[in-house]
Amino acid sequence: MNFINVFENNKKWVADKLDKDENYFSNLSKGQNPELLYIGCSDSRVTAEDLMGVQPGDAFVHRNIANMVINIDLNTMSVVEYAVKHLEVKHVVVCGHYYCGGVKAAMQSADLGVLNPWLRNIRDVYRLHQDELDTITDEESRYKRLVELNVQEQCVNVIKTAVVQKAIRERDLTIHGWVFDIHTGKLIDLNIDFKEILKDIMKIYTLK
Ligand code: CO
């Protein structure tokens, strides 16, 4: 990428959109009605819209380091609240990715300053699933599995919010955990069975 070209690229993009549909931007300015909230990693290689093949207006997007859903993070919580309650999205997706630097950092002991409390949440995911993870002797496989389990736990964190619980009770909101495989470019649905995962613990987190 050449930074200097960004505005040139934008001009071409505008021209391309208008070429296909002269009302493109006037329609876009009317408002948004996305079906999907996408919570992904800030990693520059893991774009949201591009890898899903969706257009402006299709996905409400939140990205942070290692696609975390932390209940005292006002940023993520505001995004979830707005997307679910006001935009009434039908799907909430947490999308992790293999070879995630945030997950890697959480598997190491380095003091990373202000990143420590953020990454601590991933260490907690490791602790929750230590029995399974410690049986995986191959380090790369363990790293990949932690990426998946982190997605699973962040989905569970989405389900712990009152606004999501209400939407699941009252309409057709569904939660999905995905992983993007950087090696192949493929998006993988982890097909997480939330009913099974939450069957013994949902009573602790239910909010009405
Ligand atoms: Co990442």
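Cut-offs and rules
- Note on numbering: residues in each chain are counted from 1, in written sequence order.
- In keeping with the predicted nature of the model, local features appear solely for residues at pLDDT of at least 70, side-chain atom pairs appear and are counted solely at 80 or more, and the whole-chain, interface and lining totals rest on all residues.
- For side-chain calculations, the full set of non-hydrogen atoms in the structure is used, while hydrogens and water are omitted.
- For two strands to count as paired, DSSP must find a minimum of two bridges between them.
- Only DSSP runs of H or I reaching four residues or more are called helices, and only runs of E reaching two or more are called strands; each is numbered from the N terminus.
- Only the stretch in contact is used when fitting a helix axis, every axis being a line fitted to C-alpha atoms; angles between N-to-C directions are given from 0 to 180 degrees.
- Should any heavy atoms of two residues lie within 4.5 Å, those residues are counted as being in contact.
- Distances decide who is a donor: an N, O or S atom must be within 2.8 Å of the metal, or within 3.2 Å for Na, K and Ca. Water is not included, so sites may look incomplete.
- Residue burial is assigned from relative accessible area. The probe radius is 1.4 Å, only protein chains are included, and a residue is buried under 20% of its type maximum, exposed over 50%, and partly exposed in between.
- Note on definitions: salt bridges are taken to be side-chain nitrogens of Lys or Arg within 4 Å of carboxyl oxygens of Asp or Glu.
- Orientation is classified from the angle alone, with under 35 degrees giving roughly parallel, over 145 giving roughly antiparallel, 65 to 115 giving roughly perpendicular, and any other angle giving oblique.
- Each residue is assigned to one class: nonpolar for Ala, Val, Leu, Ile, Met, Phe, Trp, Tyr, Cys and Pro, charged for Asp, Glu, Lys and Arg, and polar for all the others, Gly among them.

I'm lost on the sheet that holds strand 3 (residues 91-97) in this one. Help?
Consider a sheet: its strands pair through backbone hydrogen bonds, and that pairing is either parallel or antiparallel. Ordered by their spatial adjacency, 5 strands build an open sheet running 2-1-3-4-5, and the pairing between neighbours is mixed. The sheet terminates laterally at strand 2 (59-64) and strand 5 (186-189), the two strands that pair on one side only. Averaged over all pairs of adjacent strands, the angle between strand axes in this sheet comes to 25°, irrespective of strand direction. Across 4 bridges, strand 4 (residues 174-181) lies against strand 5 in antiparallel orientation. Residue Phe180 lies in a different strand from strand 5, and its bridge partner there is Leu187. Strands strand 1 (36-41), strand 2 and strand 3 of the sheet are contacted by helix 4 (residues 74-86), whose axis makes an angle of about 170° with strand 2. Where helix 8 (residues 139-159) meets the sheet, it contacts strand 1, strand 3 and strand 4, and its direction lies at approximately 155° from that of strand 4.

What should I look at first to understand the coordination of the cobalt ion in this one?
For the cobalt ion, the full set of protein donor atoms is Cys41 (SG), His97 (NE2) and Cys100 (SG), at a range of 2.0 to 2.3 Å. Positions of the donor residues of the cobalt ion along the chain correspond to the pattern C-x55-H-x2-C. Of this pair, Cys41 sits in strand 1 while His97 sits in strand 3, and the two are 56 residues apart along the sequence. His97 shares its class with Cys41; the two are buried.

Sorry if this is basic, but what is going on with the pattern of salt bridges here?
Once the charged atoms of two side chains with opposite charge are near each other, the side chains can pair. Within the structure shown, the criterion is met by 11 salt bridges. Residue Glu81 is joined to Lys85 by a salt bridge in which the shortest nitrogen-to-oxygen separation is 3.9 Å. Within this pair, Glu81 and its partner Lys85 are both found in helix 4, separated by 4 residues, close to a single helical turn. Residue classification places Glu81 among the partly exposed residues on the basis of a relative accessible area of 32%. Notably, a salt bridge pairs Glu196 with Lys199, separated by 3.0 Å at the nearest N-O pair. Classification of Glu196 by relative accessible area gives partly exposed; the value is 43%. One connected set of salt bridges, linked through shared partners, spans Glu132, Arg145 and Glu148.

Help me out: how do you make sense of unusual backbone geometry in this one?
Backbone phi values are negative for most residues with the exception of glycine, while trans is the configuration of most peptide bonds. The phi dihedral of Ala66 is positive, around 70°, even though this residue is not glycine. Relative to the elements of secondary structure, Ala66 occurs in the loop between strand 2 and helix 4. Judged by its relative accessible area of 0%, Ala66 is buried. A positive phi angle is found at Tyr99, which is not glycine, with a value near 65°.

For this particular structure, what's the right way to read the packing of helix 6 (residues 115-128) against helix 8?
A pair of packed helices is characterised by two quantities: the angle between their axes and the separation of those axes. The geometry of helix 6 relative to helix 8 is characterised by a closest axis approach of 10 Å and an angle of 100° between their N-to-C directions. By the angle class used here, helix 6 and helix 8 are roughly perpendicular. On helix 8, the residues that touch Ile122, Val125, Tyr126 and Leu128 of helix 6 are Arg142, Leu146, Leu149, Asn150, Glu153 and Gln154. Residue composition of the contact of helix 6 with helix 8, by class: 6 nonpolar, 2 polar and 2 charged.

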